[in-house]
Amino acid sequence: MFFNVFAIILKICITIASHQIPVRIINPVMKLFFTLIFAAILFSGCTKNNDVAPQNNNNNNSTGTTLPDPASGLSHDDSIHMPKFNINRQIVKTSVSGSKLNLVFNENVDILFAAEAYQKISAIHLTEDFKTTLLNGFDFSTVAEGGNTTLNWVDDNLNNVILKKVTDTVIRNVNMVKINVNRPFTFFKSYSSNKDAVNAQAAFISKTDDTVVFTSYSYYNQKNYLPQSEAALLLYTK
């Protein structure tokens, strides 16, 4: 409708300029002047419909999305909640008592989180995978939250682990929180004789490529963040 009106105005202007409609403007220069004015009005109104001015969509009610870290392809929130490990070789001390072989695995793992993320973590989980080691299939005991000993079960929620230490640290100018988990797992197995137990002990000590896999992840606000895993060599000693 807008363009139809201006088309009519332009037609009138052209008609006036060509002397087809008598007007009281006698001076031909004035006729041309008015024609140009109408034409200018017309073209000023002819803008493209899809030229929409940018609008500010920011508002206080927006939930927003954290910009992703370019290097990882993850959101900033996801990346800072990913644990980092600092793990050395894990010591497993072996001993034989009669026909029973005992292997004390001294778990010693550092899990690190950005201090920014640690303030928004409800729980940190840590699991140990012995499936590819000689320890697989052995019974084991460890210390639970109340200081009591559990058999063949370990709590992976570090909120319930008493044998840990939390400290602040700085790594590459970034404030971090380090959670050191240091707890013993006592693996054991009974053999038919002392000799069999001693031979089994020797097999463990000669094994130099066993690795345990640690996996950790954090939980906050109904969300389990991406887990991270790292393997560590097992060193069997007497």
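Throughout what follows, the structure given in this document is the object of discussion. As the structure is a prediction and not an experimental result, all values here were calculated from the model.

### Digging into the overall build of the protein
Helices and strands together make up the secondary structure of the protein, namely five helices and 11 strands. Of all 238 residues assigned to the protein, the portion counted as buried reaches 31%. Counting only contacts in the protein whose residues sit at least 6 apart along the sequence, the fraction spanning at least 24 positions is 67%. Total accessible area on the protein stands at roughly 15400 Å², and carbon and sulfur atoms take up 55% of it.

### Here we look at the nonpolar core
The biggest cluster of nonpolar side chains holds 31 residues, and the ones touching the most others in it are Leu103, Phe105, Leu135, Leu158, Phe187 and Phe214. Going through the elements one at a time, β1 (84-87), β3 (100-114), β4 (123-129), β8 (174-190), α5 (194-206), β9 (211-220) and β11 (228-237) are the ones with two or more residues in this core. Looking at this core, the element that brings in the most residues is β3, giving six residues. Non-local contacts of Phe105, meaning those with residues more than four positions away in its chain, are made with Gln90, Ile91, Val92, Phe130, Arg183, Pro184, Phe185, Phe187, Phe214 and Leu234. Among the nonpolar cores identified, the runner-up in size contains five residues, and Ile80, Leu112, Ala114 and Ala117 belong to it.

### Some details on the pattern of salt bridges
Between side chains of opposite charge, a pair can form when the charged atoms approach closely. Evaluated as defined, the whole model comprises five salt bridges. A salt bridge links Lys131 to Asp129; its shortest N-O distance comes to 3.8 Å. The class for Lys131 is exposed, based on a relative accessible area of 63%. Across the salt bridge formed by Asp209 and Lys207, the nearest N and O atoms sit 3.1 Å from each other. The network of salt bridges with common partners includes Glu107, Glu128 and Arg183.

### A word on the side chain of Arg183
Secondary-structure assignment places Arg183 in strand β8. Here Glu128 takes part through its side chain, which lies 3.0 Å from a polar atom of the side chain of Arg183. Separated by 3.4 Å, the side chain of Arg183 and the backbone oxygen of Asp155 make a polar contact. Beyond its immediate sequence surroundings of up to four residues, Arg183 is in contact with Phe105, Asn106, Glu107, Leu126, Glu128, Thr142, Val154, Asp155, Val161 and Leu163.

### Some points on the pairing of strand β7 (residues 164-171)
Bridge count between β7 and β8: eight bridges; the pairing is antiparallel. Residue Asp168 lies in a different strand from β8, and its bridge partner there is Val177. What sits between β7 and β8 in their antiparallel hairpin is a turn of two residues, with Arg172 showing a positive phi close to 50°.

### Brief notes about the packing of aromatic side chains
Evaluated as defined, the whole model comprises eight aromatic pairs. Measuring from ring centre to ring centre gives 5.3 Å for Phe105 and Phe130, while their planes differ by 85°; the resulting arrangement is edge-to-face. Taken together, the positions of Phe105 in strand β3 and Phe130 in the loop between β4 and β5 (139-143) put the pair 25 residues apart, joining distant regions of the chain. Exposure remark for Phe105: the relative accessible area of 0% places this residue in the buried category. Both rings, one in Phe130 and one in Phe187, keep their centres 5.1 Å apart while their planes meet at 70°; by these two values the pair is edge-to-face. Taken together, the residues span a long stretch of sequence, with Phe130 in the loop between β4 and β5 and Phe187 in strand β8 at a distance of 57 residues. Here Phe130 and Phe187 have matching classes, each one buried.

### A short note on α5
Here α5 spans 19 Å end to end across 13 residues, near enough to the 18 Å set by a 1.5 Å rise per residue. Along α5, the residues that are buried comprise Ala197, Ala200, Gln201 and Phe204. Relative to the axis of α5, the buried residues are bounded by an arc of 105° and lie together on one face. Facing away from the buried side of α5 by more than 90 degrees, the exposed set consists of Lys195 and Ser206.

The rules behind these values
- Residues numbered from 1 in each chain as written.
- Predicted model: local features only at pLDDT ≥ 70, side-chain atom pairs only at ≥ 80, totals over all residues.
- Heavy atoms only, no water.
- Helix = DSSP H or I, 4+ residues; strand = E, 2+ residues; numbered from the N terminus.
- Buried < 20%, exposed > 50% of the residue type's maximum accessible area, 1.4 Å probe, protein only.
- Contact = heavy atoms within 4.5 Å.
- Areas by Shrake-Rupley, 256 points an atom, 1.4 Å probe, with all protein chains shown as cover.
- Core = buried A, V, L, I, M, F, W, Y, C linked by side-chain atoms within 4.5 Å.
- Salt bridge = Lys/Arg side-chain N within 4 Å of Asp/Glu carboxyl O.
- Polar contact = N/O pair within 3.5 Å; in protein donor to acceptor, adjacent residues only side chain to side chain.
- Pairing = 2+ DSSP bridges.
- Phe/Tyr/Trp six-rings, centres within 6.5 Å; stacked < 30°, edge-to-face > 60°.
- Expected span 1.5 Å × (residues − 1).
- Arc of directions from axis to C-beta.

Note that all results are geometric; they support no functional claim without further evidence.
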